[in-house]
Protein chains: 2
Amino acid sequence: MPAYKAPLRDMRYVLYDVMGGDDLVALPGYEDFTRDLVDPILEEAAKVCEEVIQPLNRSGDEEGCHFENGMVRTPKGFAEAYKTFREGGWTAIACDPAYGGQGLPAAVNLLVEEMICSSNLSFGMYPGLSHGAYVSLHGFGSEKLKQTYLPKLVDGSWSGTMCLTEPQCGTDLGLVRTRAAPQADGSYKITGTKIFISAGEHDLVDNIIHLVLARIEGAPEGTRGISLFIVPKFLPAADGVRNAVSCGSLEEKMGIHGNATCVMNYDGATGWLMGEANRGLQAMFTMMNEARLGVGVQGLAQSEVAYQNAATYAKTRLAGRALSGAKFPQQPADPIIVHPDVRRMLMSIRAFNEAARALVTWIALKSDIAHRSADAKERQAAEDYLGLMTPVIKGVLTDQGFANTVMAQQVYGGHGYIAENGMEQFVRDARIAMMYEGANGIQALDLVGRKLPKDGGRALQAFFAEVSAHIKERGADKELTAYVTPLSQALGELQQATMWFLQNALGNPDQAGAGATDYMHLFGLVALGYMWCLIADAARSKAASADGVAERMTQRLTTGRFFMERMLPAATTHLARIKAGAGSVMALPTEAF
Amino acid sequence: MPAYKAPLRDMRYVLYDVMGGDDLVALPGYEDFTRDLVDPILEEAAKVCEEVIQPLNRSGDEEGCHFENGMVRTPKGFAEAYKTFREGGWTAIACDPAYGGQGLPAAVNLLVEEMICSSNLSFGMYPGLSHGAYVSLHGFGSEKLKQTYLPKLVDGSWSGTMCLTEPQCGTDLGLVRTRAAPQADGSYKITGTKIFISAGEHDLVDNIIHLVLARIEGAPEGTRGISLFIVPKFLPAADGVRNAVSCGSLEEKMGIHGNATCVMNYDGATGWLMGEANRGLQAMFTMMNEARLGVGVQGLAQSEVAYQNAATYAKTRLAGRALSGAKFPQQPADPIIVHPDVRRMLMSIRAFNEAARALVTWIALKSDIAHRSADAKERQAAEDYLGLMTPVIKGVLTDQGFANTVMAQQVYGGHGYIAENGMEQFVRDARIAMMYEGANGIQALDLVGRKLPKDGGRALQAFFAEVSAHIKERGADKELTAYVTPLSQALGELQQATMWFLQNALGNPDQAGAGATDYMHLFGLVALGYMWCLIADAARSKAASADGVAERMTQRLTTGRFFMERMLPAATTHLARIKAGAGSVMALPTEAF
């Protein structure tokens, strides 16, 4: 059976030693979030994840959700675990205190998210989706709607969903067909079918609040005619009358079996408009940007738990002898961690995980600044980074997170293919994160097509300037050359790629489209490489510490060196692909496929 | 529901136009294998695969195998399909005519294998494993054993297994504990437990012949004390008495659900020694080399069928508009194949598949020459190539084949995650090929540690010389520069990597171990790049043909250009990783993981 131990030491190191999380208290409204308050929250989260949620991960996958008479039964133990989770206040941590939330900084909240998603992705999606609905409602709902729904969403007695996708449309929401007919009382009757609705129906809560994209009768075609509605399963005003929304079936899918993926039917269900008519997509995308960061964290989270189990296996499974001679001659064979190829896999995952966690924390802190800072300029700069990095974090952390679960599974050899060892579940569960909340190809297009040119490239220039300044500042420091020099090269490659787009894609957007995914990964490598420079810098300054600390700092410096020597060089290949352009990508006629 | 159409045109192109398959008839014993004989075999194979085997792929995955009272029931329809398969003579095609086989060339047989494994990997494994047993028995059994078992294995009324793995050992067969006690009549009593035995028990045949690795009492420790035994489920000599071998349970696994993965218990089962005592591993490895080529084909096969379905989906699913302006303004949206990132994925898979098929066919022809040629020198040269390329084909085609199924699934967006669309099954099924018949890390070590230095590097030098000669010969040809120049660079990188091992790994084998997987993939890129040069060369010479041929040749030339521009550049990254050496890979103490 797979195990999970929250990497609290790594988390605290990133938050405080690398990213200066102690400065959070300087932000208005965050005065209380000292280390003394935050540390116990992280420890308590670790406890509930390790002891309550993680033990249901395998069994939830095996059992899956059951659909009977329109109701969905979650796997055994989920309801009890959710009760514990909710009563512990975990649904409320990232919410507005005005509605009963705890107002935790995003930087702390995303570390908790990582633990939840490492423990049990299927379980974590119930409160996760609900939080997406909370964000939209909080941002766009009228005060009356907020007063009615938010306290229950915050305390977790109700949950929420995001109903976007229909059979004929996912990415292209302009094709939404669900209709909304205005009623005399100001409400709407919603009719249509939504698919792939995570947590659309389940038995963990008293009421489910659906946020639904639909087209008001007579609205313009395409994306400019789509509005957002709130459609509760039970009508609160009518004292709990059942609304005309129901689950038609559950999807059989590759993984996240413990989460109910529903077909939802709206048969003239009562709903209320949220925000302005025909501007539903704006409200949705606000939520989605936050959700995309969360999905990036899911990739990291699965990579982390897969790593932990692969490392344990590698230390205990005996096979062969070290190439340099037996390390444990008294045993029938050496543990497989002596083999360089096994090490290569473990180091690759680890070197990714540490930097990815730093990247998420760095950007989460920008989110905190963007929401809280009293300084408008600082807010804008933080907002710029958040927008720029969101597709990178979503796309790169889920692509690489998935690849890492495959690598961790490979460490087990044939035993990785066996369900009870749990490694194949990590692969199956991690796979979804590359597809939902905007498939990763969409993230790449968002980065290249929207985020790069936005505000005349202001966000990108700020990032380049920051990394360049770091390189300049640390470049002469001999202890850091092994980190700064490779970063400098990769940054140069990213800048070349950007220039190539500027010179070639303006007249032919296919040139950007054909290179977008490689650009996103090249960007991710530079961002993760920069994180390693920051981690190494912090580690170096503590490397003279006594006891175990110095040793751990050396280990971090080594892991960072692995990243720089063995992972960052992929930047060169990405640049070569980008520069190859769209020619051979687009040349074949459609019928040749 | 996913579909499959055997790519007969591509297969014939590779076999005849690129690889000169017409020359097969020059080999002794192959005089009959003209195009006129071979083409109908390929067409007939396509038919049985498309119409009989492929329709059971999804249902077989859903239903899986059932274990009841020691018996295994295969999924609905498998028994009937197997009967058709067997009666069509398909179990016999690659077998010795002396025992009822058809003696088909390996080059043709592996194309048939590809079709079978594209159609239904789980089904294909039953005759596939059986053929492995056939090969060992044919190579190492006494004439008496051969007369008893081969005809039935060949006609498919019996099947065979390979019983190597035990709970405590997979890769490291020196740890085998199964015991063999000599009996007065020359037989042995076999006692022990074997795991991960594909097709260990099932309902398709009348008898199952297990080839079992075991240790004769008093044999030396380690790999030099292991012998190979033949242990039938029913004893033919005793007129079908049940032997003391039984299936203890089935494994629940990630994929290939239609194939029974068995725990096999030997409780003093009667067996007979095959080949020499204590030399069981040699017999096993002979079979395994052949099996590894077959597993490489499985990677290609899953990649091919996944590609076909992704291409169909991309041509029919509507979302968004082409970046360069609507292509189908009369429809609500364009088919997603207009999007460069979707094209990138399809082209990547396609560019791999065509070259991988060429590589398999090229090496299969070497295998035919090695087995058949009258010229000893030619036989040896072919044998050298076969040995060198086997780990490359196994490792690269399964790693990349799996990655391609993931990419094809990604084309579907969220719909790729839904079981009924079948894409996620390709991912789950393809995953096993990276692990069994020697995990891919073992293939890399085999290549670097055994195949490179073998006979003073003779095989490698021959390959380098052949590719170099091609580059020299075609380098000045302007029509081929786009292929030959990138190959030349990648070959240079492979040669640098080889030199780096020579200079750095002799004193420290970890330097080779840490770079082995990257070396294998670098090697694969050069081999596939060379295949593209051969394909392009042949296509160019037919590009002036009339009708559809010229068009298809242009498409091949474009696909090859895609490979050269966008896939081959990864060679640079692999070289950088290799040259980074073992330092940061091996530096951490075990307890740091």
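Since the structure is predicted, the reported quantities are computational estimates derived from the model, not experimental observations.

Caption draft 1: Local environment of the domain arrangement of chain A. All names here are of chain A. Taken domain by domain, chain A holds domain 1 (8–64 + 76–153), domain 2 (158–278) and domain 3 (451–586). The C-alpha-based centres of domain 1 and domain 3 are spaced at 31 Å. Every contact between the two is made by six residues of domain 1 and, on the other side, nine residues of domain 3. In total, about 670 Å² of surface goes out of reach between domain 1 and domain 3, with carbon and sulfur atoms giving 60% of it. Taken together, the connections running from domain 1 to domain 3 amount to two salt bridges. The closest approach of N and O atoms between Asp10 and Arg556, which form a salt bridge, is 3.1 Å. Across the domain 1-domain 3 interface, the total number found is four residue pairs in polar contact (both at pLDDT 80 or more).

Caption draft 2: Quick peek at the nonpolar core. Among the nonpolar cores identified, the biggest contains 165 residues, and A:Met115, A:Leu346, A:Trp362, A:Phe463, A:Tyr519 and A:Phe523 are the most heavily contacted of them. Apart from residues no more than four positions distant in its own chain, A:Tyr519 is found in contact with A:Leu447, A:Val448, A:Leu452, A:Leu460, A:Leu494, A:Ala497, A:Thr498, A:Phe501 and A:Ile578. B:Met264, B:Leu388, B:Val396 and B:Leu460 belong to the second largest nonpolar core, which has 164 residues in total.

Caption draft 3: Layout of the packing of helix H2 (residues 35–53) of chain A against helix H5 (residues 106–119) of chain A. Residue and element names in this part refer to chain A. Axis separation between H2 and H5 bottoms out at 9 Å; the angle between their running directions is 15 degrees. With respect to each other, H2 and H5 are oriented roughly parallel. For the pair H2 and H5, the sense of crossing is right-handed. Contacts between H2 and H5 involve Val38, Leu42, Ala45, Ala46, Cys49, Glu50 and Ile53 from the first element and Val108, Leu111, Val112, Met115, Ile116 and Ser119 from the second. Grouping the constituent residues of the contact of H2 with H5 by class yields eleven nonpolar, one polar and one charged.

Caption draft 4: Molecular detail of the interface of chain A and chain B. Contacts between the two partners involve 87 residues from chain A and, on the opposite side, 87 residues from chain B. Together, the buried faces of chain A and chain B total about 7600 Å²; carbon and sulfur atoms form 60% of this surface. When residues of chain A are sorted by the area they lose upon contact with chain B, A:Tyr417, A:Arg566 and A:Phe593 head the list and together hold 13% of the total. The tally of links from chain A across to chain B stands at two salt bridges. Between B:Asp518 and A:Arg566 there is a salt bridge; the shortest N-O distance is 3.9 Å. Scanning the region where chain A abuts chain B turns up 42 residue pairs in polar contact (both at pLDDT 80 or more). Of the residues that constitute the side of chain A that touches chain B, the class distribution is 43 nonpolar, 24 polar and 20 charged.

Caption draft 5: Broad picture of the side chain of A:Asp341. Topologically, A:Asp341 is positioned in helix H9 (residues 340–372). Taking the relative accessible area as the measure of exposure, A:Asp341 reaches 10% and is therefore buried. One polar contact links A:Asp341 to A:Arg344, side chain to side chain, over a distance of 2.8 Å. The residues touching A:Asp341, leaving out its near neighbours within four places in the chain, are B:Gly441, B:Gly513 and B:Thr517.

Caption draft 6: Just helix H11 (residues 423–432) of chain B, in detail. Taken across its ten residues, H11(B) has ten buried, putting it largely inside the fold. Among the residues making up H11(B), those that are buried are B:Met423, B:Glu424, B:Gln425, B:Phe426, B:Val427, B:Arg428, B:Asp429, B:Ala430, B:Arg431 and B:Ile432. Tucked into the core, H11(B) has its buried residues touching helix H10 (376–411) and helix H11 (423–432) of chain A together with helix H3 (57–63), helix H6 (121–140), helix H8 (280–316) and helix H10 (376–411) of chain B.

Rules of the game
- Residues numbered from 1 in each chain as written.
- Chains lettered and ligands numbered in written order.
- Predicted model: local features only at pLDDT ≥ 70, side-chain atom pairs only at ≥ 80, totals over all residues.
- Heavy atoms only, no water.
- Domains from an automatic or database assignment.
- Contact = heavy atoms within 4.5 Å.
- Buried area = accessible area lost by both parts, 1.4 Å probe.
- Salt bridge = Lys/Arg side-chain N within 4 Å of Asp/Glu carboxyl O.
- Polar contact = N/O pair within 3.5 Å; in protein donor to acceptor, adjacent residues only side chain to side chain.
- Core = buried A, V, L, I, M, F, W, Y, C linked by side-chain atoms within 4.5 Å.
- Buried < 20%, exposed > 50% of the residue type's maximum accessible area, 1.4 Å probe, protein only.
- Axes fitted to C-alpha atoms, helices over the stretch in contact; angles between N-to-C directions.
- Helix = DSSP H or I, 4+ residues; strand = E, 2+ residues; numbered from the N terminus.
- Parallel < 35°, antiparallel > 145°, perpendicular 65-115°, else oblique.
- Left-handed = near helix turned anticlockwise from the far one by under 90°.
- Nonpolar A, V, L, I, M, F, W, Y, C, P; charged D, E, K, R; others polar.

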